[in-house]
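Fold and geometry: a report
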Amino acid sequence: MDKTKRKAIIAGNWKMNKTPSEAKALLEAVVPAVKDADCEVIACVPFVDLSVALETTKGSNVKIGAENCHWAESGAFTGEISALMLKEMGVEYVVLGHSERRQYFGETDETVNKRTKAALAAGLKPIVCVGELLWERECDITEEVIARQIKLDLFNVTADELKNIVIAYEPVWAIGTGKTASPEQAQEIHAFIRSIVANKYGKEIADNTSILYGGSCKPSNAKELFANPDVDGGLIGGAALKVADFKGIIDAFIFSSPSRIAATLISMCRSGDIFIHTGITLAETLLSFILVLTAGILLAILLWASDTVSGILEPYLVILNSLPKSALAPVLIVWLGNNPKTIIVTAISIA
Ligand code: PEP
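Residues numbered from 1 in each chain as written. Predicted model: local features only at pLDDT ≥ 70, side-chain atom pairs only at ≥ 80, totals over all residues. Heavy atoms only, no water.

A look at the overall build of the protein
The helix and strand inventory of the protein stands at 18 helices and eight strands. Split into buried and exposed, the 351 residues of the protein put 48% on the buried side. For the protein, the proportion of contacts with a sequence separation of at least 24, taken over those separated by at least 6, is 71%. Only carbon and sulfur atoms are counted for the fraction: they give 62% of the accessible area of the protein, which is about 17,100 Å². (Helix = DSSP H or I, 4+ residues; strand = E, 2+ residues; numbered from the N terminus. Buried < 20%, exposed > 50% of the residue type's maximum accessible area, 1.4 Å probe, protein only. Contact = heavy atoms within 4.5 Å. Areas by Shrake-Rupley, 256 points an atom, 1.4 Å probe, with all protein chains shown as cover.)

In structure tokens form, the structure reads like this:
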């Protein structure tokens, strides 16, 4: 399945960082910086920051998530927060089973499953984290570990409920360590996770499940990671606390595959951004598409009607030569541009 049909997500996990006033300041900078994001943008923040985060991001494309929730609706669980409490506040997502919860707070697959079921019942969208420890990878049991986590964490989760779940693959050895899984390692495990989901829920549901990569993701490595066919975005820790890095990761995602480049250019055309760079008008752009389309149809007719190759190319080149330069601009931009700078430079030189 074409991954651009799946929901693309970049979610920040703030961990235990930012007081409410600091959270407000950070989100005030994040909101305008990511307003044109070509994916769902989520900030998962500490409980005490939720109120100000919801207020600051109101009316923007930034969604708010919590970093955990309890499985009970209410009761004698001092210090805990229920899924219902989060839902009533307006929280949309919740991170569950993060390796730091598993490592430092005794979280098990059983409790991750109970929290996941409770979050779904309350109408929250869980971001369920799985990932192997370093020694597990070194013992070559990564797939066993991931398979166990997925099966237990999603135990008794129905196919309908799975539509509201996001899975995050976070190799524990890569979290906060500066070590990143290589794009090949990430793709291998993402594809494996999708196959487990497909075995349990069927291919269609697996194809529609967003699987995020997490672990020392930064602007410099994001593009390669996100270009993988089964990587649908990222769960971002440290880099989510710096506006430029968070935005850099989102931008890397936008230009991570040819189909995404094309989709982005179309949306830039629609929003008018492309005309700022190229100086061509809407009428010229439309004309260019019509001319290119006509040329393609003519070529197809010629190929169909002609027996010899020699007679084919000549009329086609005549048509191409007769097109105004600006008519070719959008085509060349789509063809040449795989990052914003190339697109702008190409566009300026043509215009
Ligand atoms: C995380 O906390 O989920 C995470 C991926 O952290 P970092 O990006 O800092 O490794």
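Next comes the rest of the description.
With respect to the packing of helix α5 (residues 109-122) against helix α7 (residues 142-153)
Contact geometry for α5 and α7: axes closest at 8 Å, N-to-C directions at 40 degrees. The angle between α5 and α7 falls in the class oblique. In terms of crossing hand, the pair formed by α5 and α7 is right-handed. Contact with α5, carried on its side by Asp109, Val112, Asn113 and Thr116, involves Arg148, Gln149, Leu152 and Asp153 of α7 and no other residues of that element. Counted by class, the contact of α5 with α7 contains two nonpolar, three polar and three charged residues. (Axes fitted to C-alpha atoms, helices over the stretch in contact; angles between N-to-C directions. Parallel < 35°, antiparallel > 145°, perpendicular 65-115°, else oblique. Left-handed = near helix turned anticlockwise from the far one by under 90°. Nonpolar A, V, L, I, M, F, W, Y, C, P; charged D, E, K, R; others polar.)

Some points on helix α1 (residues 20-33)
Along its 14 residues, α1 runs 20 Å from first to last C-alpha, staying within 8% of the 20 Å computed at 1.5 Å per residue. All of the buried residues along α1 are Ala23, Leu26, Leu27, Val30 and Val31. Across the axial projection of α1, the buried residues extend over an arc of 135 degrees, all falling on one side. Tucked into the core, α1 has its buried residues touching β2 (40-44), α2 (50-57), β3 (62-66) and α12 (243-254). (Expected span 1.5 Å × (residues − 1). Arc of directions from axis to C-beta.)

Topic: the pairing of strand β1 (residues 9-13)
Most of β1 is tucked away, with five of its five residues classed as buried. Of the two faces of β1, the one holding Ile9, Ala11 and Asn13 and the one holding Ile10 and Gly12 are both buried throughout. Regarding topology, α1 serves as the crossover connection from β1 to the parallel β2, and that connection is right-handed. With four bridges joining them, β1 and strand β8 (residues 233-236) adopt parallel strand pairing. Bridge pairing in β8 places alanine 11 opposite leucine 235. (Right-handed = clockwise from strand over helix to strand, strands pointing away. Pairing = 2+ DSSP bridges.)

Structural notes on the sheet that holds strand β4 (residues 93-96)
Paired through backbone hydrogen bonds, the strands of a sheet run either parallel or antiparallel to each other. Spatial strand order, β1-β2-β3-β4-β5-β6-β7-β8: eight strands in a closed barrel with parallel pairing. Strand-to-strand, the axes of this sheet are offset by a mean angle of 25 degrees, without reference to chain direction. In the sheet, β3 pairs with β4 via two bridges, with the strands oriented parallel. By the bridge assignment for β4, glycine 65 is matched with tyrosine 93.

Topic: the site of the ligand
Around the ligand sit 13 residues in total, of which Lys15, His98, Glu170, Gly176 and Ser216 are the nearest. At 2.7 Å from an oxygen atom of the ligand is found a side-chain nitrogen or oxygen belonging to glutamate 170. Calculation on the ligand without its partners gives an accessible area of 290 Å², and the protein chains cover 96% of this total. Across the shell around the ligand, the residue classes break down as three nonpolar, eight polar and two charged. (Near = heavy atom within 4 Å. Polar contact = N/O pair within 3.5 Å; in protein donor to acceptor, adjacent residues only side chain to side chain.)

Notes on a negative patch on the surface
The grouping of Asp140, Glu143, Glu144 and Glu188 at the surface amounts to a negative patch. Structurally, the position occupied by glutamate 143 is in helix α7. Taking relative accessible area as the criterion, glutamate 143 reaches 33% and is therefore assigned partly exposed. (Patch = residues over 30% accessible without salt bridge, like charges linked within 9 Å, V, L, I, M, F, W, Y side chains within 5 Å. Salt bridge = Lys/Arg side-chain N within 4 Å of Asp/Glu carboxyl O. Lys, Arg positive; Asp, Glu negative; His and termini not counted. Charge placed at Lys NZ, Arg CZ, Asp CG, Glu CD.)

Some thoughts on the confidence of the model for the protein
Scored by pLDDT, the protein has a mean of 86; 77% of the residues are at 70 or more. Scored below 50 in pLDDT, residues 275-279 shows 12 contacts in the model against residues more than four places distant or in partner chains. (pLDDT = per-residue confidence, 0-100.)

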